[in-house]
Amino acid sequence: MSRINELNKERYDTPKEKVALDVKNLKNFRYDMDHCIKCKGGYWVDHTYSPGMKFTTRCPSGVWNDFEAYNCAGKMRIGIALDEGQLPWSDKLLEVLYACTLCGACDVGCKRNLDLEIGLTLEAMRVKAVKDGAGPMPAHKKIAQNIEKSHNQFGSPHGNRGKWLTKDIKVAEKADVLYFAGCSASYTNPEIGQATAKILNASGTPFSLLQDEWCCGNTLYSVGMIDEATAIARRNVEAVKAADAKTLLTSCAECYRMWKVDYPKMLGISTDDLGFKVAHLLEFADEAFAGGSLKPAKSVNLNLTYHDACGVSRLCDPWTPWSGERGWMGCIEPRLHRRRGTSGLYAQPRNILKAIPGLNLIEMPRLRENAFCCGAGRGTKEAFPDLAGSSARERLDEVREVGAEALVAACPFCKNNFSQAAKANGEKLQVLDISEVILASL
Ligand code: SF4
Ligand code: SF4
């Protein structure tokens, strides 16, 4: 038999296994874990994107603790041992698993070389931790209790949720655009909710709010509490459908990722099948600037740098459910469009900032898919404040390096974490949300 025929025979004789992108079963990602080549491509920024010796890392967890267990290579080995029942749960194991911001940097880094689903594997490991009764961390359980009791992350009274609204903001009873403020803009960062609402008003876009807004459940999903997160996803999606909105608008990067990616993932549907469009303020303002409904007339005289928050960058490619078969040489059928972070909102914030007179946008070395996570999101800061601080300080070094006097992001988690780290450093740096910068220009 010729070599070609031998290969073809091997190809067709190799048994096929059923596989799905379903984080409820870690076995779905066994191939991905087994085929990690320990290249550390999730830890380092590819040298083709690195302008020098500094700022070459992209894994906050690995920078915080240099033991291999804390980066993607180590975590894949740990996943195999967990799947085989060879590694008992322990406090150290939980720390390794949860002291990770689920930022997606290793996922997109890995996919530059190999089509391995590292991000989903990390999520599946946390789902298993919870199913096995080991996870999540105590701080996460407290957040879960807060959400159950008062429908917000912080345990603040549910009745105070609408207090961010000031009298000068016009809200419609019913509108095509529904603004989902989220827990942060509702309780800890009212300035973001107010700025977003005023931008909508200034553009002449009527918007409504949910009658009874609940937390998006982002932390629940991120820490592996998939049953609780799925119940919230169902409830929230139905609430938006009942409001008959065409667009669900967020100002929080984490809410955005949750609605656009993780809700469809949990509900077993595509992002396109949600029944409404999910948009971030970045998309709205970019279109409004381009279309002329918003005019940045006032100067904002700042040397400013933009931080690509994970939820509006590499984590927000739309979701499509996939199940199929894996056979010879790991080939899968049907074809799968891998999520590589290429649909992130990279152009929009830069278009917006460049359109504002007086504002000088300076880029940091790590940007777009390679941006270094602020360290706060997805339950990290609550359980590992030291890791969140280390990550923020690493990013602030970069801000200082490029000489920016202000740092802007499109996520309240980033704003708060950077502000606290800058204050602790005694830095004069202004840390702003992009909604505040846009409003200042109108
Ligand atoms: S980038 Fe992928 S293959 Fe390389 S060490 Fe990380 S998980 Fe393994
Ligand atoms: S998700 Fe982010 S923090 Fe976690 S291992 Fe990957 S790069 Fe590191």
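Conventions we followed
- All residue numbers here refer to positions counted from 1 along the written sequence of the relevant chain.
- Throughout, the order in which chains and ligands are written sets their labels, letters from A for the former and numbers from 1 for the latter.
- The predicted nature of this model means local features are confined to residues of pLDDT at least 70 and side-chain atom pairs, given and counted, to a pLDDT of 80 or more, with totals for whole chains, interfaces and linings taken over all residues.
- Side-chain calculation: all heavy atoms of the structure are included, whereas hydrogens and water are not.
- UniProt positions are given in the numbering used here, feature names are shortened, and annotations may be inferred rather than shown by experiment.
- Starting at the N terminus, helices and strands are each numbered in turn, a helix being any DSSP run of H or I of at least four residues and a strand any DSSP run of E of at least two.
- Only protein chains enter the accessibility calculation, which uses a 1.4 Å probe. A residue is then buried if its area is under 20% of the maximum for its type, exposed if over 50%, and partly exposed in between.
- For two strands to pair, DSSP has to find at least two bridges joining them.
- If you view a crossover with the strands going away from you and the path from the first strand over the helix to the second runs clockwise, you call it right-handed.
- Contacts are assigned to residue pairs with any non-hydrogen atoms lying within 4.5 Å of each other.
- Structural elements are reduced to axes, namely lines fitted to C-alpha atoms, with helices fitted over the stretch in contact, and the angle between N-to-C directions of any two is expressed from 0 to 180 degrees.
- The salt bridge definition used is simple: a Lys or Arg side-chain nitrogen within 4 Å of an Asp or Glu carboxyl oxygen.
- Consider each residue's heavy atoms; a residue with any of them within 4 Å of a molecule or strand counts as near.
- We call Asp, Glu, Lys and Arg charged. Ala, Val, Leu, Ile, Met, Phe, Trp, Tyr, Cys and Pro are nonpolar, and the rest, Gly among them, are polar.
- To estimate how far a helix should extend, the number of its residues minus one is multiplied by 1.5 Å.
- Any pair of nitrogen or oxygen atoms within 3.5 Å is treated as a polar contact; in protein, a donor-acceptor pairing is required on top of that, and neighbouring residues in sequence qualify only through side-chain atoms on both sides.
- The term disulfide is used for any two cysteine sulfur atoms that are within 2.5 Å.
- In this description, a nonpolar core means a group of buried Ala, Val, Leu, Ile, Met, Phe, Trp, Tyr and Cys residues linked to one another through side-chain atoms lying within 4.5 Å.
- By convention, a stacked pair of Phe, Tyr or Trp rings (six-membered ring in the case of Trp) has centres within 6.5 Å and planes under 30 degrees apart, an edge-to-face pair has planes over 60 apart, and any other such pair is tilted.
- Any Lys NZ or Arg CZ that is within 6 Å of a ring centre and within 35 degrees of that ring's normal is treated as a charge sitting over the ring.

1. Considerations on the UniProt feature "domain: Cysteine-rich" (unreviewed entry) in the protein
- Those places that UniProt annotates as "domain: Cysteine-rich" (unreviewed entry) correspond, in this numbering, to residues 177–258 and 342–418.
- The span residues 177–258 is 59% helix and 12% strand, and its two end C-alpha atoms sit 18 Å from each other.
- Helix and strand shares over residues 342–418 are 49% and 8% respectively, and the end C-alpha atoms of the span are 25 Å apart.

2. Overview of the pairing of strand 10 (residues 406–409)
- Because side chains alternate across strand 10, one face comprises the buried residues Ala-406 and Val-408, and the other comprises Leu-407 and Ala-409, equally buried.
- As paired elements, strand 6 (residues 303–306) and strand 10 share 3 bridges and run parallel to each other. Following the sheet pairing, Thr-305 is matched in strand 10 by Leu-407.
- For strand 10 and strand 11 (residues 430–433), the ladder comprises 4 bridges, and the chain directions are parallel. The partner of Ala-409 across the bridge, within strand 11, is Asp-433.
- In the classification by handedness, the crossover that spans strand 10, the intervening helix 18 (residues 412–425) and the parallel strand 11 is right-handed.

3. With respect to the environment of Pro-51
- On the secondary structure map, Pro-51 appears in the loop between helix 2 (30–34) and helix 3 (60–64).
- In the structure, Pro-51 is positioned 314 residues away from Pro-365 in sequence and 6.8 Å away in space, judged by C-alpha atoms.

4. Some words on the sheet that holds strand 5 (residues 277–280)
- Overall, parallel pairing links the 4 strands, which are arranged 3-2-4-5 in an open sheet. A strand with exactly one partner marks an edge of an open sheet, and here the two such strands are strand 3 (207–208) and strand 5.
- Note that strand 4 (residues 247–250) and strand 5 share 4 bridges and pair parallel. Following the sheet pairing, Leu-249 is matched in strand 5 by Ala-279.
- Across the face of the sheet, helix 10 (residues 190–202) comes into contact with strand 2 (177–180), strand 3 and strand 4 while running at roughly 165° to strand 2.

5. A short note on the pattern of salt bridges
- Considering all chains together, one arrives at 40 salt bridges under this definition.
- The salt bridge involving Lys-174 is made with Asp-244; its shortest N-O contact spans 3.4 Å. Highlighted residues: Lys-174 in the loop between helix 8 (138–150) and strand 2 and Asp-244 in the loop between helix 12 (226–242) and strand 4, separated in sequence by 70 residues.
- One continuous salt-bridge network, built from bridges that share partners, spans Asp-107, Lys-111, Asp-115, Glu-117, Arg-338 and Arg-340.

6. With respect to the sheet that holds strand 1 (residues 17–20)
- The 3 strands are arranged 1-7-8 in an open sheet whose pairing can be described as antiparallel. Of all the strands in the sheet, the pair left with one neighbour each is strand 1 and strand 8 (332–333).
- Sheet topology places strand 7 (residues 323–326) next to strand 8; 2 bridges connect them, and they run antiparallel. Its bridge partner lying in strand 8, Arg-326 is registered against Ile-332.

7. What about the site of ligand 2?
- Near ligand 2 you find Cys-59, Pro-60, Ser-61, Cys-100, Thr-101, Leu-102, Cys-103, Gly-104, Ala-105, Cys-106 and Leu-122, and these make up its full shell.
- At the level of secondary structure, the elements contributing two or more residues to the shell around ligand 2 comprise helix 3 and helix 6 (105–110).
- Class assignment for the residues of the shell around ligand 2 results in 8 nonpolar, 3 polar and no charged.

8. Section: the site of ligand 1
- Close to ligand 1 lie Cys-36, Ile-37, Lys-38, Cys-39, Lys-40, Gly-41, Gly-42, Cys-72, Ala-73, Cys-110, Leu-114 and Ile-118, which account for all nearby residues.
- Partitioning the shell around ligand 1 into residue classes produces 8 nonpolar, 2 polar and 2 charged.

9. A word on helix 4 (residues 72–83)
- Spanning 12 residues, helix 4 covers 16 Å between terminal C-alpha atoms, matching the ideal 16 Å at 1.5 Å per step.
- Within helix 4, 11 of the 12 residues are buried, which leaves it mostly tucked inside the rest of the structure.
- When helix 4 is considered as a whole, its buried residues turn out to be Cys-72, Ala-73, Gly-74, Lys-75, Met-76, Ile-78, Gly-79, Ile-80, Ala-81, Leu-82 and Asp-83.
- Residues of helix 4 that are buried in the fold lie against helix 2, helix 3, helix 5 (91–98), helix 6 and helix 7 (118–131).
- Capping of helix 4 at its N-terminal end is provided by Asn-71; its side-chain oxygen lies 3.0 Å from the backbone amide nitrogen of Ala-73.
- A positive phi of about 70° marks Gly-85, the residue just after helix 4.

10. Describing helix 15 (residues 347–355)
- Here helix 15 has its buried residues at Gln-348, Pro-349, Arg-350, Ile-352 and Leu-353.
- Turning to helix 15, the residues buried within the fold contact helix 14 (281–291), strand 6, strand 9 (360–361), strand 10 and helix 19 (434–441).

11. What to know about the environment of Glu-117
- For Glu-117, the position within the fold is in the loop between helix 6 and helix 7.
- A relative accessible area of 6% means that Glu-117 is categorised as buried.
- On a C-alpha basis, the gap between Glu-117 and Arg-339 in space is 8.9 Å, while along the polypeptide they are 222 residues apart.
- Engagement of the side chain of Glu-117 in a polar contact is seen with the side chain of Arg-338, the distance being 2.7 Å.

12. Points about the state of the cysteines
- According to the stated counting rule, one finds 0 disulfides in the structure shown.
- With no disulfide of its own, Cys-183 has Cys-215 as its nearest cysteine by sulfur position, at a separation of 3.7 Å.
- No disulfide involves Cys-252; its sulfur sits 3.8 Å from the nearest other cysteine sulfur, which is in Cys-255.

13. Some thoughts on the nonpolar core
- Counting residues in each nonpolar core, the largest one holds 131 residues, and the members touching the most others are Trp-259, Tyr-263, Leu-304, Tyr-306 and Leu-353.
- Looking at which element gives the most residues to this core, the answer is helix 13 (residues 253–267), with 8 residues.
- For Tyr-306, the contacting residues outside a window of four places in its chain are Leu-282, Val-312, Pro-349, Arg-350, Leu-353, Leu-361, Ile-362, Met-364, Val-408, Ala-409, Ala-410 and Ile-434.
- Core analysis: the next-biggest nonpolar cluster, separate from the first, contains 5 residues, Cys-103, Ala-105, Cys-310 and Leu-315 among them.

14. A few points about the packing of aromatic side chains
- Summed over the entire model, instances satisfying the criterion amount to 9 aromatic pairs.
- On the numbers, 4.8 Å between centres and 85° between planes, the contact of Tyr-43 with Trp-44 is edge-to-face.
- The interplanar angle of 70° and the centroid separation of 5.1 Å between the aromatic rings of Phe-180 and Trp-259 together place this pair among those described as edge-to-face. Of this pair, Phe-180 sits in strand 2 while Trp-259 sits in helix 13; the two residues are 79 residues apart in sequence, bridging distant segments of the chain. By the burial criterion, Phe-180 is buried, and Trp-259 matches it.
- Feature note: the residues Phe-180, Trp-259, Tyr-263 and Phe-276 constitute an aromatic cluster, connected by ring pairs.
- Arg-235 extends its terminal NZ or CZ atom over the ring of Trp-214, reaching a point 4.0 Å from the ring centre.
- The ring of Trp-319 has Lys-265 lying over it, and the distance from NZ or CZ to the ring centre is 5.2 Å.

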